[in-house]
Amino acid sequence: MSKYDVLFEDEDDIFAGSPKSKFWDILNTANDELVKDQMDLLLEKFTVMETILLEQHGEDKLSQIIREYSFENSKEVEFNKKSAYLEFTGEVISRLDS
């Protein structure tokens, strides 16, 4: 069991919604500059990972790899996506008072 499994057992009890809905709730109420900073960090991380993978595989092959992996590992991808929403939301919340 991973460290986030318990959070996803009954999303409505803990979050009064899904990690995705809570993410958007927080983003809609957080300071605009804070959200922009966090989104910029997230986009930078994504861009670096994409650039590394493009250098290794090329654009067409990378798109194929992503589609196949997503299809073959849909439960893991969905779980990791929920975890990413939680992590990003936590980052925004932790910076609200700073």
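Use the structure listed above.
Notes on the structure follow. Keep in mind that this is a model prediction, so the values were computed, not measured.

## Let's talk about the packing of aromatic side chains
Using the criterion set out here, one finds three aromatic pairs in the structure. Taken together, a centroid distance of 4.9 Å and an interplanar angle of 65° make the contact between phenylalanine 23 and tyrosine 85 edge-to-face. With phenylalanine 23 in helix 3 (residues 19-29) and tyrosine 85 in helix 6 (residues 74-94), this residue pair connects regions lying 62 residues apart in the sequence. Look at tyrosine 85 and you get buried, because its relative accessible area is 17%. Taking 5.2 Å as the distance between ring centres and 50° as the angle between the ring planes, the aromatic pair formed by phenylalanine 23 and phenylalanine 88 counts as tilted. Of the two residues, phenylalanine 23 is situated in helix 3 and phenylalanine 88 in helix 6; the sequence distance between them amounts to 65 residues. Relative accessible area serves as the criterion here: at 7%, phenylalanine 88 is assigned to the buried category. Linked through ring pairs, Phe23, Trp24, Tyr85 and Phe88 together constitute an aromatic cluster.

## Here's the deal with a nonpolar patch on the surface
There is a patch of nonpolar side chains on the surface, built from Leu43, Phe46 and Met49 and spanning about 310 Å² of accessible area. Structurally, the position occupied by methionine 49 is in helix 4 (residues 32-57).

## What to know about helix 3
Every buried residue of helix 3 is accounted for by Pro19, Phe23 and Leu27. Buried residues of helix 3, seen end-on, are gathered within an arc of 70° and therefore sit on one face of the element. For helix 3, the exposed residues lying more than 90 degrees away from the buried face are Asn28 and Thr29.

## Quick notes on the nonpolar core
One finds Phe23, Leu27, Ala30, Leu34, Val35, Tyr85, Phe88 and Val92 forming the largest nonpolar core, which totals eight residues. At three residues, helix 6 tops the list of elements feeding residues into this core. In contact with valine 92, not counting residues within four places along its chain, are Ile26, Leu27, Ala30, Leu34 and Gln38.

## As for the packing of helix 3 against helix 6
Look at helix 3 against helix 6: their axes get within 9 Å of each other, and the N-to-C directions meet at 25°. Taken together, the axis directions place helix 3 and helix 6 in an arrangement best described as roughly parallel. For the pair helix 3 and helix 6, the sense of crossing is left-handed. Residue-level inspection shows Pro19, Lys20, Lys22, Phe23, Trp24, Ile26 and Leu27 of helix 3 in contact with helix 6, the latter providing Lys82, Tyr85, Leu86, Phe88, Thr89, Val92 and Ile93. Counted by class, the contact of helix 3 with helix 6 contains 10 nonpolar, one polar and three charged residues.

Calculation notes
Sequence order as written defines the numbering, with residues in each chain counted from 1. At least 70 in pLDDT is required for a residue's local features to be given in this predicted model, at least 80 for side-chain atom pairs to be given and counted, and no such filter applies to totals for whole chains, interfaces and linings, which use all residues. As a rule here, side-chain values cover all heavy atoms of the structure and leave hydrogens and water aside. In this scheme Phe, Tyr and Trp rings, the latter by its six-membered ring, pair at centre separations within 6.5 Å, and the angle between planes marks the pair as stacked below 30 degrees, edge-to-face above 60, and tilted otherwise. Runs of H or I in DSSP of at least four residues are treated as helices and runs of E of at least two as strands, each being numbered from the N terminus. For every residue, the accessible area obtained with a 1.4 Å probe (protein chains only) is divided by the maximum for its type, and the residue is called buried under 20%, exposed over 50%, and partly exposed between those limits. What goes into a patch is any residue over 30% in relative accessible area without a salt bridge, connected to like charges within 9 Å or, for nonpolar side chains (Val, Leu, Ile, Met, Phe, Trp, Tyr), within 5 Å. Using the Shrake-Rupley algorithm and a 1.4 Å probe, accessible areas are obtained, with residue cover drawn only from the displayed protein chains. A carboxyl oxygen of Asp or Glu within 4 Å of a side-chain nitrogen of Lys or Arg is what we treat as a salt bridge. In this description, one arc is meant: the one made by directions from the helix axis to the C-beta atoms. To qualify as a nonpolar core, a set must consist of buried Ala, Val, Leu, Ile, Met, Phe, Trp, Tyr and Cys residues joined through side-chain atoms within 4.5 Å. The contact criterion used throughout is that any non-hydrogen atoms of two residues lie within 4.5 Å. Angles here are taken between N-to-C directions and fall from 0 to 180 degrees, while the axes themselves are lines fitted to C-alpha atoms, restricted in helices to the stretch in contact. Angles below 35 degrees are treated as roughly parallel, those above 145 as roughly antiparallel, those between 65 and 115 as roughly perpendicular, and all remaining angles as oblique. Left-handed describes a crossing in which the near helix is turned anticlockwise from the far one by less than a right angle; the clockwise case is right-handed. Classification convention: Asp, Glu, Lys, Arg as charged; Ala, Val, Leu, Ile, Met, Phe, Trp, Tyr, Cys, Pro as nonpolar; all other residues, Gly among them, as polar.

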